[in-house]
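A structural walkthrough
Here is what each chain is made of, one letter per residue.
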Amino acid sequence: MEIRILHRLEGAREARGLAVIIDVFRAFSTACYVMANGADRIIPVADIEDAYRLKRAHPEFVLMGERGGRIQPGFDFGNSPTHVERVRFDGKTVVHTTSAGTQGIASAADADEVITGSFVNAEAIVRYVRLRRPRIVSLVAMGWGGIRDADEDELCAQYLRDRLEGRPADFPEIVRFLREDSRTGRFLDLDDRASAPESDFDLCLALDRFSFVLRATPWEHGFVQLVKAGETAS
C-alpha cells in the first residue's frame, strides 16, 4: 500500500486510489457529529449557489456550512460541532458547503473512492483503509480555504499515515502543539453567528469519538452523498 500525503485543492485533484479528504477544523468533524445524531445523508456541495438551489427545491433539507468561517444568510447552521452536538437530525438530509472540505470532495474526481478525514473518527478510518487494502491511499490535507496549509490537517494526515504504517503517534503532543504553538488562531471568535466557537477545539480533537467513516457515494443530479460506512460497535 502506497501512502501519499497531498495538500490543498491541488492535492485533492491529484488524489488517486482511496482518497481521505481531511478537514479537522471543522467540516469533517462537524459532519461526524451530524451523522451520529441521526442524519440519513450529507450532501457535500462546493458551490454555495448549488446549496441554495437544493434548499429551495427541498425545503425540508437542512442547510449548513460557511464561507470565511461565517454562517451564510438562510442557512440553518454554520460549520460548528458545538452548534450541532446536541441537535437531532433523525432521518434528515443535510446539505453542507464549506470553504475547504467540501471543495476537496468535489475536486477528488480521479480517486477510486473518497472518504472524509478528521481526528474524531481516525481509528475508524485506519480500520476501513486496512480492510479495503487499496494500492494507493491519498491523504489530502485541505488546509485553510483549500489554499493555505493548516497545521491541524497536516498533523492529521501524518497521524493517519503513522497509524496505517504501524508507527506510534503522539496525539497528546499534537493537541498541545495546536493549543499552544500553532498559528491556526481560529478559536477566539465568540460571535454567536460565527462558525467558530472556542469549544470547537476540544470537539474537533475528541480522538476516536465515532466508530464510522463517511464515504462519498453517488446521489442525484451529479451530486454525491456522504453516508456511514465501516461502523463497528463502540
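Residues numbered from 1 in each chain as written. Predicted model: local features only at pLDDT ≥ 70, side-chain atom pairs only at ≥ 80, totals over all residues. Heavy atoms only, no water.

Our next topic: the side chain of Asn79. Tracing the chain through its elements places Asn79 in the loop between β4 (62-65) and α4 (81-84). Taking the relative accessible area as the measure of exposure, Asn79 reaches 4% and is therefore buried. There is a polar contact of 2.8 Å between the side chain of Asn79 and the side chain of His96. (Helix = DSSP H or I, 4+ residues; strand = E, 2+ residues; numbered from the N terminus. Buried < 20%, exposed > 50% of the residue type's maximum accessible area, 1.4 Å probe, protein only. Polar contact = N/O pair within 3.5 Å; in protein donor to acceptor, adjacent residues only side chain to side chain.)

Here we take up the state of the cysteines. Counting across every chain of the model gives 0 disulfides. No disulfide involves Cys32; its nearest neighbouring cysteine sulfur is the one of Cys204, lying 10 Å away. (Disulfide = S-S within 2.5 Å.)

Another point: helix α7 (residues 151-164). The end-to-end C-alpha separation of α7 is 20 Å, in line with the 20 Å expected for 14 residues at 1.5 Å each. Among all positions of α7, only Glu152, Asp153, Glu154, Leu155, Cys156, Ala157, Tyr159, Leu160, Asp162, Arg163 and Leu164 are buried. In this structure, the buried residues of α7 make contact with β1 (2-7), β2 (18-22), α6 (122-132), β7 (136-141) and α8 (171-180). Directly beyond the C-terminal end of α7, a positive phi value near 75° is found at Gly166. (Expected span 1.5 Å × (residues − 1). Contact = heavy atoms within 4.5 Å.)

Here the focus is the pairing of strand β6 (residues 113-117). For β6, a buried count of 5 out of 5 residues is recorded, marking the element as mostly surrounded by other parts of the structure. The alternating pattern of β6 places Glu113, Ile115 and Gly117 on one face and Val114 and Thr116 on the opposite face, and all of these are buried.

Here the structure, examined in full by the defined rule, presents 9 aromatic pairs. Look at Phe61 and Trp219: their rings are 6.1 Å apart centre to centre, the planes differ by 55°, and that puts the pair in the tilted class. Here Trp219 lies in the loop between β8 (213-218) and β9 (224-229) and Phe61 lies in the loop between α3 (48-57) and β4, a separation of 158 residues in the sequence. The exposure classification of Phe61 matches that of Trp219, with both residues buried. Between Phe210 and Phe212, the aromatic rings sit 5.6 Å apart at their centres with planes inclined by 35°, giving tilted as the arrangement. (Phe/Tyr/Trp six-rings, centres within 6.5 Å; stacked < 30°, edge-to-face > 60°.)

Now for the pattern of salt bridges. Per the counting criterion, the structure on display carries 21 salt bridges. For Glu85, the salt bridge identified is with Arg86, shortest N-O distance 3.2 Å. Members of the salt-bridge network, linked through shared partners, are Arg161, Asp162, Glu165 and Arg167. (Salt bridge = Lys/Arg side-chain N within 4 Å of Asp/Glu carboxyl O.)

Let us now look at the packing of α6 against α7. At a minimum axis distance of 10 Å, the contact between α6 and α7 shows a crossing angle of 50°. Comparing their axes, α7 and α6 come out oblique. Along this stretch, α6 crosses α7, giving a crossing that reads as right-handed. Of the residues in α7, those touching α6 at Ala122, Glu123, Ile125, Val126, Val129 and Arg130 are Tyr159, Leu160, Arg163 and Leu164. (Axes fitted to C-alpha atoms, helices over the stretch in contact; angles between N-to-C directions. Parallel < 35°, antiparallel > 145°, perpendicular 65-115°, else oblique. Left-handed = near helix turned anticlockwise from the far one by under 90°.)

With that settled, consider the nonpolar core. Within the largest apolar cluster, 36 residues are counted, with the highest numbers of intra-cluster contacts made by Ile21, Val34, Phe89, Val94 and Val114. Considering each element in turn, this core owes the most residues, 7 residues, to helix α2 (residues 27-36). Counting 31 residues, the second-largest nonpolar core is a separate cluster that includes Ile22, Phe119, Cys204 and Val213. (Core = buried A, V, L, I, M, F, W, Y, C linked by side-chain atoms within 4.5 Å.)

Here we come to unusual backbone geometry. For the peptide bond that leads from Phe25 to Arg26, omega is 20°, which places it in the cis range. Checked against the element boundaries, Arg26 lands in the loop between β2 and α2. Positioned with a positive phi, Arg8 is a non-glycine residue whose angle comes to about 65°. Within the secondary structure, Arg8 sits in helix α1 (residues 8-14). Among the residues examined, Arg8 registers a relative accessible area of 18% and is labelled buried. Phi is positive for His221, which is not a glycine, with a value near 55°.

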